[in-house]
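Each chain is listed here by its residues.
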Amino acid sequence: MSYKEWRARIEKNYPKSDSSGSELVPRSLKEAKAVADKFNPVVGKYFVRKSKWNGQVVISPDGRNCKLPNCHIGIKLKDCPDEAILHELVHSYSTSYYPNETYQAHSAMEEASVQYLTQEIAKREGIKLVGSDYDFWTDALREINKTLGLYESDLKFARRLLRVPMTRREEWLSGKAQKAMAGKTFEEINTVTEQLNKLTWEALEKWIREN
């Protein structure tokens, strides 16, 4: 399932669900642009490659906060928290290097890993987090790292994920986990397998339905 397909299903079946969180933060384009200009060099400290963001912030054509294929940041005027702008800026260092069709094919892992690093940057830079549906995925990634001890911190794990090309990230994480599970207990292996299985749009939709 692609992001586009998932969004259509969510808007049809769960109209109250909102991945930008529940705390409304209205902003003008000028205000959002100022925040993005402030945050972009902060995000840049966590990457080697450069941002593809073109410096433009526009009203979102489909009513959600997003990074558009032309590398504009689209915002929802009635609700555009700092976390959402930070998240879209992180995308500009990752999926912006690929065609939109490639993003759609790998969108679940892209959104999971981008939100993971967004949270870690926010915690270290004093940027407010308001919550997102994607936190379902970041909880899974944190549990994988905790259980397997892949990296000494979630920040290091999140940064490493984003250094892996988007087209190979699922394969890389699966392989990394499989190697690390050698010698682990049945319970630990079962925990990691469950968390890996959560990193899909179908699993997120099921979680939204049940919560």
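Placed above this text is the structure.
Overview of the structure. (Residues numbered from 1 in each chain as written. Predicted model: local features only at pLDDT ≥ 70, side-chain atom pairs only at ≥ 80, totals over all residues. Heavy atoms only, no water.)

In terms of helices and strands, the protein chain carries 10 helices and three strands. Sequence-ordered secondary structure for the protein chain, helices as α and strands as β, is α-α-β-β-β-α-α-α-α-α-α-α-α. A burial count over the protein chain gives 52% of its 211 residues as buried. Relative to all contacts within the protein chain whose residues are 6 or more apart in sequence, the contacts with residues 24 or more apart total 70%. With an accessible surface of roughly 10,500 Å², the protein chain has 50% of that area assigned to carbon and sulfur atoms. (Helix = DSSP H or I, 4+ residues; strand = E, 2+ residues; numbered from the N terminus. Buried < 20%, exposed > 50% of the residue type's maximum accessible area, 1.4 Å probe, protein only. Contact = heavy atoms within 4.5 Å. Areas by Shrake-Rupley, 256 points an atom, 1.4 Å probe, with all protein chains shown as cover.)

To continue, consider the packing of helix α2 (residues 29-44) against helix α3 (residues 82-91). Remark: α2 packs on α3, axes separated minimally by 9 Å, with the N-to-C direction vectors making an angle of 50°. By the angle between their directions, the pair α2 and α3 is classed as oblique. Considering the relative orientation of α2 and α3, their crossing is right-handed. The segment α2 lies against α3, with A32, V35, A36, F39, N40 and V43 engaging D82, I85, L86, L89 and V90. A breakdown of the residues in the contact of α2 with α3 according to their chemical character gives nine nonpolar, one polar and one charged. (Axes fitted to C-alpha atoms, helices over the stretch in contact; angles between N-to-C directions. Parallel < 35°, antiparallel > 145°, perpendicular 65-115°, else oblique. Left-handed = near helix turned anticlockwise from the far one by under 90°. Nonpolar A, V, L, I, M, F, W, Y, C, P; charged D, E, K, R; others polar.)

All chains considered together, the criterion is met by 11 salt bridges. Residues E110 and R169 are paired through a salt bridge, measuring 2.7 Å at the closest nitrogen-oxygen approach. Of this pair, E110 sits in helix α5 (residues 107-125) while R169 sits in helix α8 (residues 169-180), placing them 59 residues apart in sequence. Given a relative accessible area of 0%, E110 falls into the buried group. For K206, the salt bridge identified is with E210, shortest N-O distance 2.7 Å. Of this pair, K206 and E210 both sit in helix α10 (residues 201-210), four residues apart, roughly one helical turn. Its relative accessible area of 41% is what places K206 among the partly exposed residues. (Salt bridge = Lys/Arg side-chain N within 4 Å of Asp/Glu carboxyl O.)

Listed in full, the buried residues belonging to helix α7 (residues 154-163) are L155, F157, A158, L161 and L162. All buried residues of α7 lie within an arc of 165° about the axis, which places them on one face of the element. (Arc of directions from axis to C-beta.)

Helix length check: α5, at 19 residues, gives a terminal C-alpha distance of 26 Å against a target of 27 Å (1.5 Å per residue), a fit within 8%. Of all the 19 residues making up α5, 16 are buried; the element is thus mostly covered by neighbouring parts of the structure. (Expected span 1.5 Å × (residues − 1).)

What follows covers the packing of aromatic side chains. Counting across every chain of the model gives seven aromatic pairs. Ring geometry for Y116 and F157: centres 5.6 Å apart, planes at 85°, overall edge-to-face. With Y116 in helix α5 and F157 in helix α7, this pair connects stretches of sequence that are 41 residues apart. By relative accessible area, Y116 is classed as buried at 0%. Overall, the relative accessible area of 0% leaves F157 in the buried class. Just above the ring of Y97 sits the side chain of R49; from NZ or CZ to the centre is 3.8 Å. (Phe/Tyr/Trp six-rings, centres within 6.5 Å; stacked < 30°, edge-to-face > 60°. Lys NZ or Arg CZ within 6 Å of the ring centre and 35° of its normal.)

Once that is clear, we can look at the side chain of H72. Mapped onto the fold, H72 is located in the loop between β2 (66-67) and β3 (73-75). Within the local environment of H72, its side chain forms a polar contact with the side chain of N54, the two groups lying 2.7 Å apart. In this structure, H72 is in contact with W53, N54, Q56, V58, C66 and K67, ignoring residues within four places of it in sequence. (Polar contact = N/O pair within 3.5 Å; in protein donor to acceptor, adjacent residues only side chain to side chain.)

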